Amino acid sequence: MMAAQRLLVLVSLFHGNLGFAPQVHPAKSRAAKSSGSPTYWHAKPWWKVWASESGSDEGGDDITNSKAFLAKKLEVLNKDQAKLAADLEEVNKEIAAENEEWGSQIKQLNSEFTFLQQRTFNESRDAVTNARVEVVKELMEVVDNMNRARTALVPEGAGQEAIIAYYGSTFDKIEGILGDFGVT
């Protein structure tokens, strides 16, 4: 066995299970004796047992828990906080100065940009509407010719009736599409 393992075995022989066994609560030991059932503490974890055996228990000799260290740390943190507050105040002053110098121009640019966005939207909407109008104007000539031809044709047989019906269904589709554009 290694030396650390031997030491562990020796310590466990003297101290019993390295603190893993439940321990009777000292204040409640009288009540446990009188009732017959002892009240146990939870066993300490191994690192706390070893820390207490080595003399560095929680809050012991740790320098970070000393009052002097904590007071110095508080002083340093207060200085840092004051420096950050001064930096923040300086930045706010710079922002106010920049806003005073450029604020009116920034507002004017923002309003011009908003106007430009609105104008571009309106122009694109108008361009779509104008394109539809142009397409409908061109189609209206064809639709008028189809409508005149439909009324002028008189079928003379079953073959001509089928042809007229075919062209009539095509004309109905074109009228449906124009109806979708709001043209009647």
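Residues numbered from 1 in each chain as written. Predicted model: local features only at pLDDT ≥ 70, side-chain atom pairs only at ≥ 80, totals over all residues. Heavy atoms only, no water.

1. So, the overall build of the protein
Put simply, the rule is: The numbering of helices and of strands both runs from the N terminus, where a helix is a DSSP run of H or I of at least 4 residues and a strand a run of E of at least 2. Here the term buried applies to any residue with accessible area under 20% of the maximum for its type, exposed to any over 50%, and partly exposed to those in between, with areas from a 1.4 Å probe on protein chains only. In this description, contact between two residues means that some pair of their heavy atoms is separated by no more than 4.5 Å.
A tally of helices and strands in the protein yields 5 helices and 2 strands. Counted from the first residue to the last, the protein has its helices and strands arranged as α-β-α-β-α-α-α. Counting only residues that meet the buried cut, the protein has 5% of its 184 residues in that class. Considering only intrachain contacts with a sequence separation of at least 6, the fraction spanning at least 24 residues in the protein is 38%.

2. Side note on the packing of aromatic side chains
This is how it is decided: For this analysis, a ring pair means two rings from Phe, Tyr or Trp (six-membered ring only for Trp) whose centres lie within 6.5 Å, classed as stacked if their planes differ by under 30 degrees, edge-to-face if by over 60, and tilted for the remaining angles.
Enumeration according to the criterion identifies 1 aromatic pair in this entry. Geometrically, the ring pair formed by Tyr166 and Tyr167 is edge-to-face, given 5.7 Å between the ring centres and 65° between the ring planes. Classification of Tyr166 by relative accessible area gives exposed; the value is 56%.

3. A closer look at a nonpolar patch on the surface
Keep this limit in mind: To count toward a patch, a residue needs a relative accessible area above 30% and no salt bridge. Like charges then connect within 9 Å, nonpolar side chains (Val, Leu, Ile, Met, Phe, Trp, Tyr) within 5 Å. Accessibility throughout is a Shrake-Rupley quantity obtained with a 1.4 Å probe, and a residue counts as covered only by protein chains that appear here. For this document, the term salt bridge refers to a Lys or Arg side-chain nitrogen within 4 Å of an Asp or Glu carboxyl oxygen.
A cluster of nonpolar residues, Ile63, Phe69 and Leu70, forms a patch on the protein surface that exposes about 290 Å² of accessible area. Checked against the element boundaries, Phe69 lands in helix 4 (residues 67–152). Here Phe69 falls in the partly exposed class, since its relative accessible area comes to 34%.

4. A look at helix 5 (residues 158–180)
Convention followed: Expected helix span is taken as 1.5 Å per residue step, with the number of steps being one fewer than the number of residues.
The end-to-end C-alpha distance of helix 5, which contains 23 residues, comes to 33 Å, matching closely the 33 Å that a straight helix rising 1.5 Å per residue would cover. If you check which residues of helix 5 are buried, you get Gly168, Phe171 and Leu178. Lining the buried residues of helix 5 we find helix 4. One or two positions beyond helix 5, positive phi appears at Gly182, with a value near 90°.

5. Concerning the pattern of salt bridges
For the coordinates displayed, the defined rule picks out 7 salt bridges. For Glu89, the salt bridge goes to Lys93, with nearest N and O atoms at 3.6 Å. Placement of the pair is Glu89 and Lys93 together in helix 4, with a separation of 4 residues, close to one helical turn. Given a relative accessible area of 55%, Lys93 falls into the exposed group. In this structure, the salt-bridge partner of Arg150 is Asp172, at a minimum N-O distance of 3.2 Å. Taken as a pair, Arg150 in helix 4 and Asp172 in helix 5 lie far apart in primary sequence, 22 residues in all.

6. Looking at the packing of helix 4 against helix 5
Where we set the bar: Axis definition: a line fitted to C-alpha atoms, over the contacting stretch in the case of helices. Angles run 0 to 180 degrees between N-to-C directions. Left-handed is the label given to a crossing in which the near helix is rotated counterclockwise from the far helix by less than a right angle, and right-handed is the label when the rotation is clockwise. For this classification, Asp, Glu, Lys and Arg are treated as charged, while Ala, Val, Leu, Ile, Met, Phe, Trp, Tyr, Cys and Pro are nonpolar and the rest, including Gly, are polar.
Look at helix 4 against helix 5: their axes get within 11 Å of each other, and the N-to-C directions meet at 145°. In the packing of helix 4 onto helix 5, the handedness of the crossing is left-handed. The residues of helix 5 that touch helix 4, namely those facing Val136, Leu139, Met140, Val143, Met146, Asn147 and Arg150, are Tyr167, Gly168, Phe171, Asp172, Ile174 and Leu178. Residue classes in the contact of helix 4 with helix 5 are distributed as 9 nonpolar, 2 polar and 2 charged.

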